[in-house]
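Descriptive analysis of the structure
The lines below spell out each chain.
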Amino acid sequence: MGLSVDFYFQILSLVAAVFYYIQKRNKLIYLFIPFLFITVVIEFSAWAGLFSKLGISKYAIYNIFTSLEFVFYFFLFTLHFKNNALKKVIFFCIPLYVFAVILNLAFVQGLTKTFHTYTFLLGSFFIVIFCCCYFYESVLPGQIDLQLSKQSFFWICSGLLIFYLGSVIINALFDYLKSNDLREQGIRIYNIINHSLNVLLYSSFCIAFYLCPNNTKTYSSPL
């Protein structure tokens, strides 16, 4: 079985991040490079069956990685919110979410038995709320200093909103889609939607990197 289309978009977003960081030395792009590199390595390792060959549970890898993925996105919002109260809310949510993940993986769903759907839904809920807050803050009087469609984080936020709203819906319907009456067709529909959401997400990252401002003239450190 070949690599899925969305995997190539993950590679494309990593290449775009490296390319535009070399050109622009932008902080946002810099933060994405190790994140996207780890994403590509994990996805390729899962496809190649490396985890099973090494005796490592694929569930364990994805449960840990997707939890850290949420923390990474939470941190990005702290860099782009202008309201200090919103930043404090996120700084409160990060340890709260990590604590919920630890409890879930240790005592409820487990680390290696299944995907952490409970805390994935919780993280998705936080992302959707933060995206809505970002859009609301961006259209407040006096806050619009650049057209939204030309702001790099607007595209990241849009991709995250579509991806996690879609993920919540298809994961909520997954049990129904894989029922006996719909099993073969339902799983196919689930995979198509999931791959499409990934393509949209990583495409939005590429657009964001392209729109990031050029900081080469004032560059003094990676951050």
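Note that the structure is predicted; figures quoted are calculated from it, not measured. (Residues numbered from 1 in each chain as written. Predicted model: local features only at pLDDT ≥ 70, side-chain atom pairs only at ≥ 80, totals over all residues. Heavy atoms only, no water.)

Among the surface-exposed residues, F99, L103, F107, V108 and Y118 lie close enough to one another that they form a single nonpolar patch of about 600 Å² accessible area. If you tally residues by element for the nonpolar patch, the top one is helix 5 (residues 84-108), at four residues. Its place among the elements puts V108 in helix 5. With relative accessibility at 56%, the residue V108 sits in the exposed group. (Patch = residues over 30% accessible without salt bridge, like charges linked within 9 Å, V, L, I, M, F, W, Y side chains within 5 Å. Areas by Shrake-Rupley, 256 points an atom, 1.4 Å probe, with all protein chains shown as cover. Salt bridge = Lys/Arg side-chain N within 4 Å of Asp/Glu carboxyl O. Helix = DSSP H or I, 4+ residues; strand = E, 2+ residues; numbered from the N terminus. Buried < 20%, exposed > 50% of the residue type's maximum accessible area, 1.4 Å probe, protein only.)

With that settled, consider the packing of helix 4 (residues 58-80) against helix 5. The contact between helix 4 and helix 5 brings their axes to 9 Å, and the two run at 175 degrees. The angle between helix 4 and helix 5 falls in the class roughly antiparallel. Taken together, the residues of helix 5 that come into contact with helix 4 (itself represented by N63, S67, F70, V71, F74, F77 and T78) are K87, I90, F91, I94, Y97, V98, V101 and L105. Of the residues that constitute the contact of helix 4 with helix 5, the class distribution is eleven nonpolar, three polar and one charged. (Axes fitted to C-alpha atoms, helices over the stretch in contact; angles between N-to-C directions. Parallel < 35°, antiparallel > 145°, perpendicular 65-115°, else oblique. Contact = heavy atoms within 4.5 Å. Nonpolar A, V, L, I, M, F, W, Y, C, P; charged D, E, K, R; others polar.)

So, about the packing of aromatic side chains. Across all of its chains, the model carries 35 aromatic pairs by this definition. Geometrically, the ring pair formed by F77 and F153 is edge-to-face, given 5.4 Å between the ring centres and 85 degrees between the ring planes. Here F77, found in helix 4, pairs with F153, found in helix 7 (residues 152-172); they are 76 residues apart in sequence, far enough to count as distant. Across the pair, exposure class does not vary: F77 and F153 are buried alike. Ring centres of F163 and Y164 lie 4.9 Å apart, and the angle between their planes is 90 degrees; on these two criteria the pair is classed as edge-to-face. (Phe/Tyr/Trp six-rings, centres within 6.5 Å; stacked < 30°, edge-to-face > 60°.)

This next bit is on the state of the cysteines. Tallying each qualifying case throughout the model produces zero disulfides. Unpaired in terms of disulfides, C133 finds its nearest cysteine sulfur in C132, a separation of 7.0 Å. Looking at C133, the relative accessible area reads 22%, which means it is partly exposed. (Disulfide = S-S within 2.5 Å.)

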